[in-house]
Amino acid sequence: MKEDLHIVHVSAHPGWRGGEQQLSYVWSGLSHFPCRQLLFCSRNQAMHSYAIQHKIPYTLFNPSPFLGLYSAWQLHRICRKNNVHIIHAHDAKAHTLVF
């Protein structure tokens, strides 16, 4: 049996800009395909509110720069636990976290 594609979208920007809009379009488009998606976003930020409003499954991280290593470790655990195939970083801070 073929396993569904599993994607984690990472958003670390506090506001709503191009990366967050792109994430909403990609999420909507992929929802028509056999894949599992999870959002990894900052607590109490624009994308967190969007996820709640649109019933998107999410996991939160603390945006504090001092917890960057902990957030990266948390993302690593999520990826291992869920057998993630793709990590899609949607903004510059998310790229740093993923790297």
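Basis of the calculations
Residues numbered from 1 in each chain as written. Predicted model: local features only at pLDDT ≥ 70, side-chain atom pairs only at ≥ 80, totals over all residues. Heavy atoms only, no water. Helix = DSSP H or I, 4+ residues; strand = E, 2+ residues; numbered from the N terminus. Rg over C-alpha atoms; globule rule 2.2 N^0.38 Å. Buried < 20%, exposed > 50% of the residue type's maximum accessible area, 1.4 Å probe, protein only. Contact = heavy atoms within 4.5 Å. Pairing = 2+ DSSP bridges. Axes fitted to C-alpha atoms, helices over the stretch in contact; angles between N-to-C directions. Expected span 1.5 Å × (residues − 1). Arc of directions from axis to C-beta. Core = buried A, V, L, I, M, F, W, Y, C linked by side-chain atoms within 4.5 Å.

Engineer: Is there a simple way to explain the overall build of the chain in this structure?
Structural biologist: Across its full length, the chain carries four helices and four strands. Here the C-alpha atoms of the chain give a radius of gyration of 13 Å, agreeing with the 13 Å that 2.2 N^0.38 yields for 99 residues. Its C-alpha atoms give the chain principal-axis dimensions of roughly 45 × 25 × 20 Å. Buried residues in the chain amount to 39% of all 99 residues. Look at the contacts in the chain between residues 6 or more apart in sequence, and 61% of them connect residues 24 or more apart.

Engineer: Could you clarify how one ought to interpret the sheet that holds strand S4 (residues 86-89) in this entry?
Structural biologist: Two pairing modes exist for strands in a sheet, parallel and antiparallel, and in both the strands are linked by backbone hydrogen bonds. The four strands are arranged S3-S2-S1-S4 in an open sheet whose pairing can be described as parallel. The open sheet terminates on both sides in strands that have one partner only, identified here as strand S3 (58-61) and S4. Neighbour-to-neighbour, the strand axes of this sheet turn through a mean angle of 20°, independent of strand direction. Relative to S4, strand S1 (residues 5-11) is paired through four bridges, and the arrangement is parallel. Bridging across to S4, His 9 finds its partner in His 88. The sheet contacts of helix H2 (residues 46-53) involve S1, strand S2 (35-42) and S3, and relative to S2 the element is tilted by about 140°. Packing of helix H3 (residues 68-82) onto the sheet brings it into contact with S1, S2, S3 and S4, and relative to S2 it is tilted by some 170°.

Engineer: Any chance you could explain helix H1 (residues 18-30) here in plain terms?
Structural biologist: Spanning 13 residues, H1 covers 18 Å between terminal C-alpha atoms, matching the ideal 18 Å at 1.5 Å per step. Buried residues of H1: Gly 19, Glu 20, Leu 23, Ser 24 and Trp 27, and no others. For H1, the arc enclosing every buried residue in end-on projection is 145°, short of the 170-degree limit, so these residues lie on one face. More than 90 degrees from the buried face of H1, the exposed residues found are Gly 18 and Tyr 25. Turning to H1, the residues buried within the fold contact S1, S2 and H2.

Engineer: What's the story with the nonpolar core in this structure? I'm lost.
Structural biologist: Looking at soluble globular proteins, one finds that nonpolar side chains tend to be buried together. Counting residues in hydrophobic clusters, the biggest one holds 13 residues, and the most contacted among them are Val 8, Val 10, Phe 40 and Leu 75. Elements represented by at least two residues in this core include exactly S1, S2, H3 and helix H4 (92-98). In terms of residue count, H3 provides more of this core than any other element does, three residues in total. Excluding residues that lie within four positions of it along the chain, Leu 75 makes contacts with Val 8, Val 10, Phe 40 and Val 98. Grouped together as the second largest cluster of nonpolar side chains are nine residues, Leu 39, Met 47, Ile 56 and Leu 60 included.

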